[in-house]
Amino acid sequence: MNYFIIGDIHGCYHTFCSLLEQWDSSNEHLILVGDLIDRGNYSWLVVEKCLALLSDTTLSVTVLRGNHEAELIQYIKDGRHEIWTSQCGLTTLEDFQRHHVDLQNLLPHLEKLPLKFETSSFIVTHAGVCDTINPYDESNWDGVLWTRKPLVNLQKLQVHGHTPLKQNHPQYTLDSHSYNIDTGAYYGYGLTGIKLEQVATVIEIINIPTDRRDIASENNE
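Residues numbered from 1 in each chain as written. Predicted model: local features only at pLDDT ≥ 70, side-chain atom pairs only at ≥ 80, totals over all residues. Heavy atoms only, no water.

(A) Expanded view of helix α3 (residues 67-78). Across its 12 residues, α3 extends 16 Å between first and last C-alpha, which sits within 8% of the 16 Å expected from 1.5 Å per residue. Burial runs high along α3: nine of the 12 residues are buried. Considered for burial, the residues of α3 that qualify are N67, H68, E69, A70, E71, L72, I73, Y75 and I76. A positive backbone phi angle near 80° is found at G79, which sits one or two residues after α3. (Helix = DSSP H or I, 4+ residues; strand = E, 2+ residues; numbered from the N terminus. Expected span 1.5 Å × (residues − 1). Buried < 20%, exposed > 50% of the residue type's maximum accessible area, 1.4 Å probe, protein only.)

Laid out in structure tokens, this is it:
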């Protein structure tokens, strides 16, 4: 089976659905790098779609946790997260309320999202693995949820998102043997997916232009 890895969606539901049309679900394992929510207009529809994909036992799907999901988890547990709500969380919560989402029921689904997907040939995380003692400590600002530092070479391909490139193609870094596939869908540069063979050879890179409905200002609060 091959792999189809998709970058940060950030509420861009229509764009996401368009890119999914390029997924060969019978022969490809789908991997999402996280940051499903916030910024775009349709956070809940993206989450709902992802939960449906995960619940379909006929499909091979992994949805990773991004820092925005981690912030939402903390908000649900603590009842507050000032940084998240001051940036984009309030709009996301309003979107959830419009769809009558029970956050306590959503919480266990969010907590199940893993921090990495790894094979002998490649590894996928949200932000990448840099030179830090414990990259999988969620409170570590240099960890796989948060880092924007140069990544280390793990002697296998790294695929990640998190740092928006604001261009319609991913960026390969030779030193770390890594692809950043966050092309900045919310900023209008499109959503990118990369297809890999089992040995991590790139088969195809696909960029779907951002659907204007996902980011149109009249839909924002």
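Still more ground to cover, so stick around.
(B) Molecular detail of the side chain of E28. With respect to the helices, strands and loops of the structure, E28 is situated in strand β2 (residues 28-32). Side chain to side chain, E28 and K195 meet in a polar contact 3.1 Å long. Among all residues touching E28, those that are not within four sequence positions of it are M1, N2, F4, Q22, W23, S60 and K195. (Polar contact = N/O pair within 3.5 Å; in protein donor to acceptor, adjacent residues only side chain to side chain. Contact = heavy atoms within 4.5 Å.)

(C) View of the packing of aromatic side chains. Under the counting rule described, the total for this entry stands at eight aromatic pairs. Geometrically, the ring pair formed by Y186 and Y187 is edge-to-face, given 5.4 Å between the ring centres and 70° between the ring planes. Three or more aromatic residues joined by ring pairs form one cluster here, namely Y3, F117 and F122. The ring of Y187 has K166 sitting right over it, with the charged end atom 4.4 Å from the ring centre. Positioned above the aromatic ring of F4 is the side chain of K195, whose terminal nitrogen or guanidinium carbon lies 4.9 Å from the ring centre. (Phe/Tyr/Trp six-rings, centres within 6.5 Å; stacked < 30°, edge-to-face > 60°. Lys NZ or Arg CZ within 6 Å of the ring centre and 35° of its normal.)

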